[in-house]
Amino acid sequence: MPFTPLHMGPGILLKACLPTSFSLMVFGWTQIVMDLQPLFALLSGRGELHGFSHTWIGASLLAVLAALSGKYLGELGLYLIGLRSELPIRWRAAWVGACIGSASHVLLDSLVHADIQPLAPFSTANGLFGLVSWEAMEWICLASGALGGILYFAGSRRLTRRQ
């Protein structure tokens with residue numbers, strides 16, 4: 001699922017549950033970072049579609065890169081779109097967003113892509129593949145995003161009323 005917005009669904013739900021401890025901006029950036037390798041493979045015709053970036057080791061390394069770069073890119077993005085009240089992104093929220101972003105990416109893709117080897121180089125097995133259908137995965141991601149949006153805005157509205 002290169003650059004799929006569907007990965008954002010679970011992220012939106014997590015943002016609703018962890019509003020100050022989780023950066024949705026960094027989570028989203030992590031989704032992009034995770035799929036740079038598949039994008040390169042698609043465009044060049046070289047390499048594995050879901051290679052090292054979709055292993056637990058690769059995802060861990062990319063989480064570090066995404067947290068370090070995503071905090072600043074996320075802050076720039078929030079500033080440019082006028083959400084200055086959300087600034088700054090705390091380091092803890094950046095790390096949580098990047099770590100959950102990379103782990104959830106491997107987990108979700110492992111469920112629907114046969115070529116993913118999340119335990120490489122130790123094993124080529126993907127015991128998660130096929131546990132849910134592609135269509136079910138899409139619905140889970142869409143539903144979690146919708147629920148997260150409702151919960152987030154309901155929580156924000158309640159907080160605004162209290163102030």
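Trainee: A description of the layout of surface pockets should follow, citing residues and the corresponding values.
Mentor: The gaps of empty space that remain are located by a probe, the size of a water molecule, rolled over the atoms. Looking at the largest pocket, its volume works out to about 640 Å³. Lining the largest pocket are 20 residues, and of these K15, P19, F22, E86 and Y152 lie nearest its centre. Where the lining of the largest pocket is concerned, the elements lending two or more residues are helix 1 (8–17), helix 2 (24–34) and helix 6 (134–162). Per-element accounting of the lining of the largest pocket gives the leading share, 3 residues, to helix 6.

Trainee: Break down a nonpolar patch on the surface for me, with residues and values.
Mentor: Together, L73, L76, Y79, L80, I81 and L83 make up a nonpolar patch on the protein surface, roughly 610 Å² of accessible area in all. Inspection of the secondary structure puts L83 in the loop between helix 4 (56–80) and helix 5 (91–112).

Trainee: If you had to explain the side chain of H50 to someone new, which residues and values would you point to?
Mentor: Considering the arrangement of structural elements, one finds H50 in the loop between helix 3 (36–44) and helix 4. A polar contact is formed between the side chain of H50 and the side chain of D115, at a distance of 3.1 Å.

So, how was this worked out
Residues numbered from 1 in each chain as written. Predicted model: local features only at pLDDT ≥ 70, side-chain atom pairs only at ≥ 80, totals over all residues. Heavy atoms only, no water. 1 Å grid on protein atoms, 1.4 Å probe; cavity = no way out; pocket = protein on both sides within 12 Å on 5 of 7 lines; lining within 4 Å. Points joined across faces, edges and corners; volume = space filled by probe spheres on them. Helix = DSSP H or I, 4+ residues; strand = E, 2+ residues; numbered from the N terminus. Patch = residues over 30% accessible without salt bridge, like charges linked within 9 Å, V, L, I, M, F, W, Y side chains within 5 Å. Areas by Shrake-Rupley, 256 points an atom, 1.4 Å probe, with all protein chains shown as cover. Salt bridge = Lys/Arg side-chain N within 4 Å of Asp/Glu carboxyl O. Polar contact = N/O pair within 3.5 Å; in protein donor to acceptor, adjacent residues only side chain to side chain.

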